[in-house]
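Chains, contacts and geometry: an overview
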Amino acid sequence: MAVLPLCAKLIAGQDASCFPVNRKYYQQAVVINKTDIDPDSITVTKTDFNTAPETCAYNVSFALKAGKTGYRFTGGENGSIYFGRYNKTLSELTGNPQYVHEAQMLVVGVDEASKCILEALDKGRYVVAYQFMDGTVEIYGIRNGLSTADYTFSTQENGGGTSIILTSSESAPENELPLVYKSEVPGSETADFDAAFENTAS
């Protein structure tokens, strides 16, 4: 295995001693069919960490195809089921960092609607958006999409539903950490998230 040299340059530190640290996501997720995102609209803006940058950028903008929308999943605000996380490994092929994104949410019930949701999640590819308590909107799986990890669904043992994890494929991890969403209309990130990124054009 060829191991590439690590050449990135840190450009700032962080002081968490003098301000309250947000530790939680709002308990909701917007799940978007990967195929409903216009691939030509995806713009990743990321600092080249191999240089000596003065500022940091790590974001993505995108638009859904005309008439398409994401789908909101919501839990109780006192809960802690809706959140994202990621695992960093090194590619055996290139030696570069790669990231497995995981997006957790709740699916409840045993009715037909719940079963249709679960089978669609099992057989599709998705991009998931969360909003952190500081207002930051994070995007998971923008490059290759996410699908369900193995799970056991048991409504009686789990209070009516089961936590479902959407995860990157082992064969297609992401090249970046989850990216911060930037709206095509500056300052509209929360509005876009609240509207489930719907494109109302026909």
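Being a predicted model, the structure only gives us computed values, none of them experimental.

On to the sheet that holds strand 5 (residues 83-90), then. Read across the sheet, four strands follow the order 5-6-10-9 without closing on themselves; strand pairing throughout is antiparallel. Since the sheet does not close on itself, it has two edges, and those belong to strand 5 and strand 9 (147-148), each with one partner. Packing against the sheet, helix 1 (residues 112-123) makes contact with strand 6 (97-108), strand 9 and strand 10 (161-167), and its axis sits at approximately 170° to strand 6.

This structure, assessed with the given rule, holds eight aromatic pairs. The interplanar angle of 75° and the centroid separation of 5.0 Å between the aromatic rings of tyrosine 25 and phenylalanine 132 together place this pair among those described as edge-to-face. One end of the pair, tyrosine 25, is in the segment before strand 1 (28-33); the other, phenylalanine 132, is in the loop between strand 7 (126-131) and strand 8 (137-140), with 107 residues separating them in the sequence. In this pair, the class of tyrosine 25 matches that of phenylalanine 132, namely buried. Between phenylalanine 193 and phenylalanine 197 the ring centres are 6.3 Å apart and the planes differ by 90°, which places this aromatic pair in the edge-to-face class. Each of the two residues, phenylalanine 193 as well as phenylalanine 197, counts as buried. Above the ring of phenylalanine 193, the side-chain terminus of arginine 72 is found at 5.2 Å from the ring centroid.

Cut-offs applied
- Once a new chain begins, its residue numbering starts again from 1 and follows that chain's sequence as written.
- This being a predicted model, a pLDDT of at least 70 is required before a residue's local features are given, and a value of 80 or more before pairs of side-chain atoms are given or counted; all residues contribute to the totals for chains, interfaces and linings.
- Water and hydrogen atoms were dropped before computing side-chain values, which therefore reflect all heavy atoms in the structure.
- By definition, two strands form a pair when at least two bridges between them are found by DSSP.
- Each helix corresponds to a stretch of at least 4 residues labelled H or I by DSSP, and each strand to a stretch of at least 2 residues labelled E; elements are numbered beginning at the N terminus.
- Should any heavy atoms of two residues lie within 4.5 Å, those residues are considered in contact.
- Fitted lines through C-alpha atoms give the axes, limited to the stretch in contact for helices. The angle between two N-to-C directions lies from 0 to 180 degrees.
- Think of it this way: a Phe, Tyr or Trp ring, Trp meaning its six-membered ring, pairs with another when their centres are within 6.5 Å, and the plane angle makes it stacked under 30 degrees, edge-to-face over 60, tilted otherwise.
- Throughout this description, buried means an accessible area under 20% of the type-specific maximum (1.4 Å probe, protein chains only), exposed means over 50%, and partly exposed covers the range between.
- By the criterion adopted, a ring carries a charge over it if an Arg CZ or a Lys NZ lies within 6 Å of its centre and within 35 degrees of its normal.

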